[in-house]
Every structure is written in structure tokens, then in C-alpha cells.
Amino acid sequence: MPAKIALKGLGHEYVNPFTRERVVALDGVDLEVGEGEFLTVVGPSGCGKTTLLNILAGLMPPARGVVLLDGRPVTGPGRDRGVVFQEFAILPWRTVERNIAHGLEIQGVPRAERAAVVRRFVDLVGLSGFEKKYPHELSGGMKQRVAVARTLAANPEVMLMDEPFASVDAQTRITLQEELNAIAQATGKTILFVTHNVEEAVFLGDRCCVLSRRPGRVKALVPVGIPRERRTWKLFTSDAAFAATKDRVLALVREEVGGEDERP
Amino acid sequence: MTVRWDLAATWAAVLAVTLAGWGLAAATLPVPDYYLPPPTAVFAAFGDLVVKGILPTYIAESLRRMLLAALIGLAAGVPLGLVLGMSRRVADFAYPLLNFFQSVSGIAWLPLMLVWFGFGERTILVAVNYTVLFPVIFNALLGVRSVPRLYVNALRTLGASRWRIVRDVLLPGALPSIATGMRLGLAYGWRALIAAEMLVGAHGLGFMIFNAQAFHLTARIMLGMGTIGVLWLVLDYFLLRPLEEATISRWGLVQR
């Protein structure tokens, strides 16, 4: 099967504006994501996960290497790659439904059709009854549901997610992870999901890509091999296969965190 | 907008006490009448000038000039501020320049403008428009710069065009700042208008109070001053604040 996304020799560096130091964020990343695959990328903080995702999104050009989508090089942002950002990136001056419809508006989808799609995704992410609310009236978890729905409604070929559940409370996070799992199963989208949370990476990913500490390289690719319908947190805590995979990924990440006092 | 009756009652009481104190001072202090006319004289002047049609004409004249300046300020200042704010380099360059011209108010320009544009309507309009325009441009620019980059990036990944980003992100994101700019610009402009009318002397409230001084019509001066203040309160309360509330507070961009 040809890769949906292919990263070839991807490297990136930037200059710290205060110290004038050159920081190599990514160095020679080779990675392929299959059609319909859910790939999670996990690694210690500062390993270049977000840089990787921004390059994939086309928001910054890589210093070295290429990103291929269906074999074509990525040169800028495009609606074939939807992004869910870590911070809530929905617009405060649009209601829930107008935020979700935004991608469709941009694509020029007629109003009636837009309304139907919005209704479907409002239901899918469990926001019925909140269509007319403004973001400041919503909790963090609900805002991120809006962001996910907005990305899904635009129907991108690939979904890129940058620690989307990092800034919501633990209880909500568990719910959102299970919902995303169901969405992935229902839509069959190709998803690349970046996180520093090992449990999350193993719970969600078909494969789990472990990045090394800075400069980020692919350290290991760990297949999870548990069918989507069995992925609930209840099973996760009791299933031996889950536990073994989690321990394996955790050990790999731990090697990279090293002496730093940081728990993944 | 709900009427706060308790607040209104407090204000009525404060006003009554002030007027009573003023009346008492005017009646007892050993100064000529034109030094400190009693409140009744001011009310009499009000009645007199309304009957003669002078006050309504002058108010209309001042408001017309102000409205024109507000429209031009909005139509020219907002787009200009948005465009300047869109590029970081341009914004960094324009910032001190705009800040400079904002601080050199229209009043400071008046002597030069009188030379350039003469003692007439043109000088008044240029001075007031200038004064309104700079805070509007300046704050529109600040508004654009304050829009989180994240929102722009989010729209870019949805495939939005540059124009779409301006319309859907930069303009609404800059609105709180634009509203501040409008409010500031009109407040400065109102002062510049009075000053310009004083110097140029072609109708208007500024002309009225300056002209009254030549004839020691102190009550008329006080009436003019009161009218200037009250008109501003009305403009601000019924025009600028509702505008702000209709959009910005509803979006949760302004915490009240």
C-alpha cells in the first residue's frame, strides 16, 4: 500500500532569539503514514513534535527534506490537511455552528448543505443544544470538540492533531479520547496525532512513533495491534496487550528523557 | 439597555445639591453678577437661545462636523490601520509615526492649518478629521497585531484565502481595539472641534462660548460648556457604547 503521508529526511532548525543559539529541532526524520492509519507521535517535550506537525500542515517550510502527500510535495497549508491545534483555535466571534461550518463556507458549499453537514458533526461530537453558543460560554473540552468538528466537517484527507487534549481536565480528556477513537473508526480518516502522553499515544494509535530527544529523530515505531472497537479505557486498564505495549513505549521514551526530572 | 433607577436617583440628588450650593454662592459671594451667574441665569440663557433658534443651530452645526469626521475616520482610518497592521515590518515602521501624530493633536496643528486653509470651514474640518483619524488608524493597527497568530493559521489550514482571513479573522479580531480607537478619536475630535470653532469662529458651540466672552455673557459660556459635556455623554452612551455591546461583549472579548 502506498503511503498517504511520507516524510523524507526532514530536518529543521531555528535560532533562539534571545541567546542567538542555533537549535536543531528535527534531524533526518523518515516516516510513512498509511491510508486510513492512526499514527501517534510521542516524545519528550522539546523534541520537535509540534515543529513536525507544523511542517506537515505547511505552516512552516522545512530546512531540509520533503513532505509528500499522495506522492506530491507539500508546499503550504491546504484543506487536504486539517489541523486541530493544542490551544483552542476556534474563533471567539463565531457561534459553535458557524465555527464548525467555517471550512465549508470557505469551500463555497451552499447554505442548506452546510447546515446538514454541521448538524451531523454537532451530533457526532456531542454538542447538540450548544449550536448557538459562543466559545466563551463553553468549557475547554467543548471548545476542543468544536475544533475537532470544524476540522472533520471540512472533510480533509488527513487530520493532524497537536496535543489537542493537553489543556482539558483529566476526566474530559478520557471522554474525548474515546470519542476520537469512535470518530476514527467511523470516518476511517488518516490521522497523525502528536502527544507527550504515552498512555494516550498507545490508546489511540494503530502505530506509535517514538521520537528521540532533540534533535528529534524516529527512534522506534511500535505497532499497537488492538482493534478499535476494543479500545475503551475500561479495557485499557485491564488488557495485558495494552499494558505490555504501554510499558514498551514508556521505556523507549524514558531512555530519551534521561536524567531530566520529567515524567512522560 | 436597562435604566438603573437607584443610580439615576443618586445623580438627581447630587445635581440638586450642586445647583443649590452654586445658587447660594452666587447670591452671597461679593462678586459682580457676570463673575458667577446663578444657575437660574444659565437656564434663562438656555430658554432665550432656544427660542431665538441659536442654540439648536449651533448644536446641529457642531454635530454635523463631528458626524462627518466620525464617518471619514471610520471609512478611511479602519482600512488603513488594518492594512498597516497586516505586515509586522510595516506595523513596526508605522507605529512610532502614528503615535507621534496622534500626540500632536489637531489643536496644536491649528495655527499652521489657519495659514494653510484660512479662517473657515475647511480648517475646522481638517483639524477635526485629523484628530479623529489618527487614534482610529493607530488602534486598528494595534488591533490587527493583537489577533492571535493561531487563528490565522487555523484558517489557512482550512484553505482560506488572504481576503477571507482579513474578513473573518483580522477585522473581527481587531474590533475591540477599533471600538476603543473610535471612542478615543471622537473624544479627542470633540475637543479639537470646540477649539477650532473658537479660533475660526464660524458657528458652532465653540464659537458661541468664545464669542460670549467678549460681551461678558458668562451664563451663556456656562451653558455652552454644559451643552458640550452633555452632548458628549449622549453620543457616548447612545451611540458608541451600544455599538460595543452589540458585538464585543457578546463574543466575550471584553470582560465586564
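Preceding block: the structure.
A. Structural view of the overall build of chain A. Along chain A, the regular secondary structure elements total nine helices and 10 strands. At 18 Å, chain A has a C-alpha radius of gyration in line with the 18 Å of a compact globule built from 264 residues. Among the 264 residues that make up chain A, the fraction classed as buried is 45%. A separation of at least 24 residues holds for 71% of the contacts in chain A among residues at least 6 apart in sequence.

B. Focus on the overall build of chain B. Along its length, chain B carries 10 helices and zero strands. Each helix and strand of chain B, ordered N terminal to C terminal, gives the series α-α-α-α-α-α-α-α-α-α. Expressed as lengths along the three principal axes of its C-alpha atoms, the size of chain B is roughly 75 × 50 × 30 Å. Burial statistics for chain B: of 256 residues in total, 36% are counted as buried. Long-range contacts, defined here as pairs at least 24 residues apart, represent 71% of the contacts in chain B between residues at least 6 apart.

C. Inspection of the interface of chain B and chain A at higher detail. The interface of chain B with chain A comprises 16 residues on the first partner and 21 residues on the second. Those elements giving two or more residues to the side of chain B that touches chain A turn out to be helix H7 (149-157) and helix H8 (162-200) of chain B. Per-element tally for the side of chain B that touches chain A: the top contributor is H7(B), with six residues.

D. Molecular detail of the packing of helix H4 (residues 111-124) of chain A against helix H5 (residues 140-153) of chain A. All names here are of chain A. Where H4 meets H5, the axes come as close as 9 Å, and the angle between the chain directions of the two elements is 140 degrees. Considered as vectors, H4 and H5 are oriented oblique to each other. Between H4 and H5 lies a crossing of right-handed hand. When H4 is examined against H5, the residues Val117, Val118, Phe121, Val122 and Leu124 are found in contact with a partner set consisting of Ala149, Leu152 and Ala153.

E. The pairing of strand E4 (residues 64-69) of chain A, seen in detail. Residues and elements named next belong to chain A. Bridge count for strand E1 (residues 3-15) against E4 is five bridges, and the pairing is antiparallel. Within the sheet, the bridge partner assigned to Gly11 lies in E4 and is Arg64. Linking E4 back to strand E5 (residues 72-73) in an antiparallel pair, the connection comprises two residues, with Asp70 at a positive phi of about 55 degrees.

F. Geometry of the sheet that holds strand E10 (residues 218-223) of chain A. Residues and elements named next belong to chain A. Within the open sheet, the six strands sit side by side as E6-E7-E8-E3-E9-E10. Their pairing is mixed. In the strand order of this sheet, the two ends are held by strand E6 (81-84) and E10, each with one partner. Each strand axis lies, on average, 20 degrees off the axis of its neighbour in the sheet, ignoring direction. Pairing between strand E3 (residues 38-42) and strand E8 (residues 190-195): five bridges, direction parallel. The residue of E8 that forms the bridge with Val42 is Thr195. Its contacts with the sheet put helix H1 (residues 49-57) on E3, E6, strand E7 (158-162), E8 and strand E9 (207-211), and the angle it makes with E7 is roughly 150 degrees.

Cut-offs and rules
- Residues numbered from 1 in each chain as written.
- Chains lettered and ligands numbered in written order.
- Predicted model: local features only at pLDDT ≥ 70, side-chain atom pairs only at ≥ 80, totals over all residues.
- Helix = DSSP H or I, 4+ residues; strand = E, 2+ residues; numbered from the N terminus.
- Rg over C-alpha atoms; globule rule 2.2 N^0.38 Å.
- Buried ≥ 20, exposed ≤ 12 C-beta atoms within 10 Å, placed from the backbone.
- Contact = placed C-beta atoms within 7 Å.
- Axes fitted to C-alpha atoms, helices over the stretch in contact; angles between N-to-C directions.
- Parallel < 35°, antiparallel > 145°, perpendicular 65-115°, else oblique.
- Left-handed = near helix turned anticlockwise from the far one by under 90°.
- Pairing = 2+ DSSP bridges.

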